[in-house]
Amino acid sequence: MHRIVQRRKRHVFYLCLIAFGSINVRLLAAVDLENSALLYVLLPFTGALLIAALQPNLSGQAWWHSYAQHTASALIVFLGSSIVLFEGFLCVLFFMPIYFIGVGIAWFCGFLIARAEHRRSRLMASLIPLIVLLLSLEGTSSSLSFARDNQVAVELETTLTPAQVMANLQRPINLQTDRHWLLALFPMPEPTSGHPLTPGHLEHVTVHYQRWFITNEHTGVLTLKVASASDRSCTVEVIDDTTLFAGYLDLEQFQVAANPTATGSVVTLGIRFRRKLDPAWYFGPITRFAIERTAELLMREVILRG
């Protein structure tokens, strides 16, 4: 009977934490702070602190047992909140590393406080939440944000002439092919037909995303406009984006240039984008890495055609 009561109390505790996290996510979205570090750093850390504070007999357990129990509880709350918020598996996957960083710091904070023998040691451990709070302010205002504008470029030498490169850009595109493991996690655009490089031409690229692997589909459209084109270069601007990628970044521009050489040409592809999520130390490298792999894919499958 005692175990049943304890199990019920634990389930109620999980439900309360799931409700706490879900409500706060909605509140942050209501005040346009859902992309800030308040969501991705402070909220997980606060929930994990509550778990650590209510973890029974923390000081009497082996550290590895305490950590495993704490992490398991945090995982249950994390997955439960994701279900309540209808988050797709990609959001869950890319949020998970930073989530468990916060969970680990919260456990370590509680562990230090429980094991501290002197008041000074407890005070030092208590400074950890203050440091996390300060780090969580990133993205709450422009003065507390790092640079968001980014550009990546890929350059390759080819035997193709500039005219052949420009002709390749106008052929049908199919990115449903082998690609880097990170890009393989994301849905690729639907195959498209020809693409005239006429200034002012609009191209609508459709992306279907199964949020839960085989169901809960989200369909978005990336609208591109040919801003300029010549026999050696072209610039395509993104004028609207309702795909899942819009939740992570703002794609702004694609630039292709083919400079002739004695044996063909040197081709450069530049992609300009704006990061949306904070903190920059986590989402900055991930976003840039993904765009670099995307540029390589486009260079191989669209510009050079193998």
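Quick summary incoming for the structure in this document. Each chain has its residues counted from 1, following the order in which its sequence is written. Selection of residues for local features in this predicted model requires a pLDDT of at least 70, selection of side-chain atom pairs for listing and counting requires 80 or more, and totals for whole chains, interfaces and linings are taken over all residues. Values reported for side chains reflect all heavy atoms of the structure, with hydrogen atoms and water molecules removed beforehand.

## A word on the overall build of the protein
Secondary structure counts use DSSP, requiring at least four H or I residues in a row for a helix and at least two E residues in a row for a strand, with both numbered from the N terminus. A count of helices and strands for the protein gives 8 helices and 6 strands. Atoms counted for the radius of gyration: C-alpha only. Globule rule: 2.2 Å times residue count to the power 0.38. Over its C-alpha atoms the protein spans a radius of gyration of 24 Å, topping by over 25% the 19 Å that the globule rule assigns to 306 residues. Structurally, the protein occupies a C-alpha span of about 75 × 40 × 35 Å along its principal axes. Burial classification: accessible surface area is computed with a 1.4 Å probe over protein chains only, and a residue below 20% of its type maximum counts as buried, one above 50% as exposed, and the rest as partly exposed. Per-residue burial over the protein gives 42% buried out of 306 residues. Counting contacts in the protein only where the partners sit at least 6 residues apart, residues at least 24 apart contribute 62% of the total. Per-residue and other accessible areas follow the Shrake-Rupley method at a 1.4 Å probe size, with only the shown protein chains counted as cover for residues. As presented, the protein carries roughly 16,700 Å² of accessible surface, and 63% of it is formed by carbon and sulfur atoms. His is not counted, nor are the chain ends, whereas Lys and Arg count as positive and Asp and Glu as negative. Just so you know, the charge point we use is NZ for Lys, CZ for Arg, CG for Asp and CD for Glu. Between the centroid of the 24 positive side chains of the protein and the centroid of its 22 negative side chains there is a distance of 15 Å. It only takes one pair of heavy atoms within 4.5 Å for two residues to be counted as in contact.

## Quick notes on unusual backbone geometry
At the junction of Asp 278 and Pro 279, the peptide bond is cis and its omega measures out at 15° in the coordinates. With respect to the element layout, Pro 279 can be found in the loop between strand E6 (265–275) and helix H8 (280–303). In the Ramachandran plot, Asp 32 falls in the positive-phi region, its phi being about 60° despite a non-glycine side chain. Tracing the backbone shows Asp 32 in the loop between helix H1 (2–30) and helix H2 (37–54). The phi angle at Phe 86 is positive, at roughly 60°, despite the residue not being glycine.

## Overview of the pairing of strand E2 (residues 202–210)
What you see with E2 is a clean split: Glu 203, Val 205, Val 207 and Tyr 209 sit on the buried side and Leu 202, His 204, Thr 206, His 208 and Gln 210 on the side with no burial. Only strands joined by at least two bridges in the DSSP assignment are considered to pair. When E2 meets strand E3 (residues 217–229), the two strands line up antiparallel, connected through 9 bridges. Its bridge partner being in E3, His 204 is matched across the sheet by Thr 223.

## Details of helix H4 (residues 89–115)
One less than the residue count of a helix, multiplied by 1.5 Å, gives the span that helix is expected to have. When the terminal C-alpha atoms of H4 are compared, their 38 Å separation across 27 residues agrees well with the 39 Å that a helix rising 1.5 Å per residue should span. Bend at a given residue is defined as the angle between two axes, one fitted to the seven residues that end at that position and one fitted to the seven that begin there. The axis of H4 is deflected most strongly, by about 40°, at Met 96, and proline Pro 97 appears within four residues downstream.

## Observations concerning the side chain of Arg 148
Relative to the helices and strands, Arg 148 is located in the loop between helix H5 (119–135) and strand E1 (149–158). Apart from residues lying up to four places away in sequence, Arg 148 is in contact with Gly 139, Phe 273, Arg 274, Arg 275, Lys 276, Leu 277 and Asp 278.

## Quick word on the packing of H4 against H8
Remark: H4 packs on H8, axes separated minimally by 11 Å, with the N-to-C direction vectors making an angle of 155°. If you check the angle between H4 and H8, you find them roughly antiparallel. Taken as a pair, H4 and H8 cross one another with a handedness that is right-handed. Touching Phe 94, Pro 97, Ile 98 and Ile 101 of H4 are Trp 281, Tyr 282 and Ile 286, all from H8. Polar here means any residue other than Ala, Val, Leu, Ile, Met, Phe, Trp, Tyr, Cys and Pro, which are nonpolar, and Asp, Glu, Lys and Arg, which are charged; Gly is therefore polar. Each residue belonging to the contact of H4 with H8 can be placed in one class, and the counts come to 7 nonpolar, no polar and no charged. Axis geometry follows a simple rule: fit a line to the C-alpha atoms, using only the stretch in contact for helices, then measure angles between N-to-C directions, giving values from 0 to 180 degrees. Note on terminology: angles under 35 degrees are roughly parallel, angles over 145 are roughly antiparallel, angles of 65 to 115 are roughly perpendicular, and the others are oblique. If you view the pair so one helix is near and one far, a crossing is left-handed when the near helix is turned anticlockwise from the far one by less than a right angle, and right-handed when it is turned clockwise.

## Description of the sheet that holds E1
The strand order across the open sheet formed by 6 strands is E1-E6-E5-E4-E3-E2, and the pairing between neighbours is antiparallel. The sheet terminates laterally at E1 and E2, the two strands that pair on one side only. Neighbour to neighbour, the strand axes of the sheet diverge by 20° on average, direction disregarded. Here E3 runs beside strand E4 (residues 233–241); their pairing, made up of 7 bridges, is antiparallel. Bridge pairing in E4 links Val 226 to Val 236.

## Details of the environment of Ala 52
Relative to the helices and strands, Ala 52 resides in helix H2. Residues Ala 52 and Asp 250, 198 residues apart in the sequence, show an inter-C-alpha distance of 37 Å.

## Considerations on the side chain of Ser 136
Following the sequence through the fold, Ser 136 ends up in the loop between H5 and E1. A residue is classified by how much of its surface remains accessible, and Ser 136, at 0% relative accessible area, is buried. Look past the residues within four positions of Ser 136 in its chain and what remains in contact with it is Ala 37, Leu 38, Val 41 and Leu 42.

## Comments concerning the nonpolar core
Membership of the largest hydrophobic core comes to 74 residues, with the highest contact counts inside it found for Ile 271 and Ile 303. Setting aside residues no more than four positions away along its own chain, Ile 271 makes contact with Asn 150, Gln 151, Val 152, Leu 251, Gln 253, Phe 254, Ile 291, Ala 295 and Leu 298. What we call a nonpolar core is a set of buried Ala, Val, Leu, Ile, Met, Phe, Trp, Tyr and Cys residues that are connected through their side-chain atoms within 4.5 Å.

## Re the packing of H2 against H4
Relative orientation of the contacting elements H2 and H4 amounts to 40°, with a least axis distance of 8 Å. It follows from the interaxial angle that H2 and H4 lie oblique. Regarding H2 and H4, the two cross each other, and that crossing is right-handed. Between H2 and H4, the residues in contact are Leu 39, Tyr 40, Val 41, Pro 44, Phe 45, Ala 48, Leu 49 and Ala 52 and Phe 95, Ile 98, Tyr 99, Gly 102, Val 103, Ile 105, Ala 106 and Cys 109, respectively. Considered class by class, the residues forming the contact of H2 with H4 number 15 nonpolar, 1 polar and no charged.

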